[in-house]
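Read off the chains here:
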Amino acid sequence: MAANTRAILAAALLCTAPLALAASVACHVDYGGETQTLIATPVADPYAVKAVAFGSYFLFRIVVRDKPADLASVKIYTYADRDDGPAPIHQATHPWPPLASGPWGFTGLHHVYEPVRDSELRYWCELKGEP
């Protein structure tokens, strides 16, 4: 087999090799009896991560940082979407990569309540892939 043919064959095999799953966080958010799964991957700029609206009141945001090591974390924010701007009503911080996982992922099951409209948002998050 010619050297060029071997090189082409090796390159083709590399392209078909399974790729490792990039690490991400999947948060399962239940609001109004409907569950949505939000996926977050590590970002360099946490301020660029947008919140996702649930109903007319809740905003939910996941920030995953893997660098620098001293700031590596998973931060989960829930805001009240008020007329004068979002107001934080819940925030949770977990190490990156998450250390343990149980029946409700690495976060456990969280309940966030809105007192005026009497609504509830529930969530739990799990690690997907390898960090």
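Please refer to the structure higher up on the page.
Along each chain, residue indices are assigned from 1 in the same order as the chain's sequence is written. Restriction of local features to residues with pLDDT of at least 70 applies here, the model being predicted, together with a cutoff of 80 or more for giving and counting side-chain atom pairs; totals for whole chains, interfaces and linings are based on all residues. As a convention, hydrogens and water are excluded, and side-chain values are obtained from all of the structure's heavy atoms.

## Observations regarding the nonpolar core
Okay, so step 1: In this description, a nonpolar core means a group of buried Ala, Val, Leu, Ile, Met, Phe, Trp, Tyr and Cys residues linked to one another through side-chain atoms lying within 4.5 Å. For every residue, the accessible area (1.4 Å probe, protein chains only) is compared with the maximum for its type, and the residue is labelled buried under 20%, exposed over 50%, or partly exposed between those bounds. Of all hydrophobic cores here, the largest spans 23 residues; its most connected members are Val25, Phe60, Ile62 and Tyr123.
Okay, so step 2: Of all the secondary-structure elements, those providing two or more residues to this core are strand S1 (24-31), strand S2 (34-40), strand S4 (58-65), strand S5 (73-82) and strand S8 (119-128).
Okay, so step 3: For this core, the element with the highest residue contribution is S4, accounting for 4 residues.
Okay, so step 4: Only heavy atoms matter for contacts: two residues are in contact if any of them lie within 4.5 Å across the pair. Setting aside chain neighbours within four positions, we find Val25 in contact with Leu38, Ile39, Ala40, Ile62, Val64, Val74, Trp96, Phe106, Cys125 and Glu126.
Okay, so step 5: Ranked by size, the runner-up nonpolar core spans 5 residues in total, among them Leu59, Val63, Tyr77 and Tyr79. The helix and strand labels rest on DSSP assignments: H or I over at least four residues marks a helix, E over at least two residues marks a strand, and numbering proceeds from the N terminus.

## What about the pattern of salt bridges?
Okay, so step 1: When a carboxyl oxygen of Asp or Glu lies within 4 Å of a side-chain nitrogen of Lys or Arg, that pair is called a salt bridge. Applying the stated criterion to the full structure yields 2 salt bridges.
Okay, so step 2: One salt bridge connects Arg122 with Asp30, and the closest N-O pair in it is separated by 3.4 Å. In this pair, Arg122 is assigned in strand S8 and Asp30 in strand S1, connecting sequence segments 92 residues apart.
Okay, so step 3: Residue classification places Arg122 among the partly exposed residues on the basis of a relative accessible area of 28%.
Okay, so step 4: Its relative accessible area of 17% is what places Asp30 among the buried residues.
Okay, so step 5: Across the pair Lys128 and Glu126 runs a salt bridge, and its minimum N-O distance is 3.6 Å.
Okay, so step 6: For Lys128, a relative accessible area of 39% puts it in the partly exposed group.
Okay, so step 7: When its relative accessible area of 19% is taken as the criterion, Glu126 is described as buried.

## Overview of the sheet that holds S4
Okay, so step 1: Paired strands, as defined in this entry, are two strands with at least two bridges between them according to DSSP. Reading across the sheet, the 4 strands line up as S3-S4-S5-S6 and stay open at both edges, with antiparallel pairing between neighbours. Of all the strands in the sheet, just strand S3 (52-54) and strand S6 (85-95) have a single pairing partner and so form its edges. Going from strand to strand, the sheet's axes swing by 25° on average, the running direction of each strand aside.
Okay, so step 2: Two elements, S4 and S5, share 8 bridges in a ladder whose sense is antiparallel. From the neighbouring strand, Val64 faces S5, where its bridge partner is Val74. Convention adopted: a line fitted to C-alpha atoms gives each axis, helices being fitted over their contacting stretch, and angles between N-to-C directions are expressed from 0 to 180 degrees.

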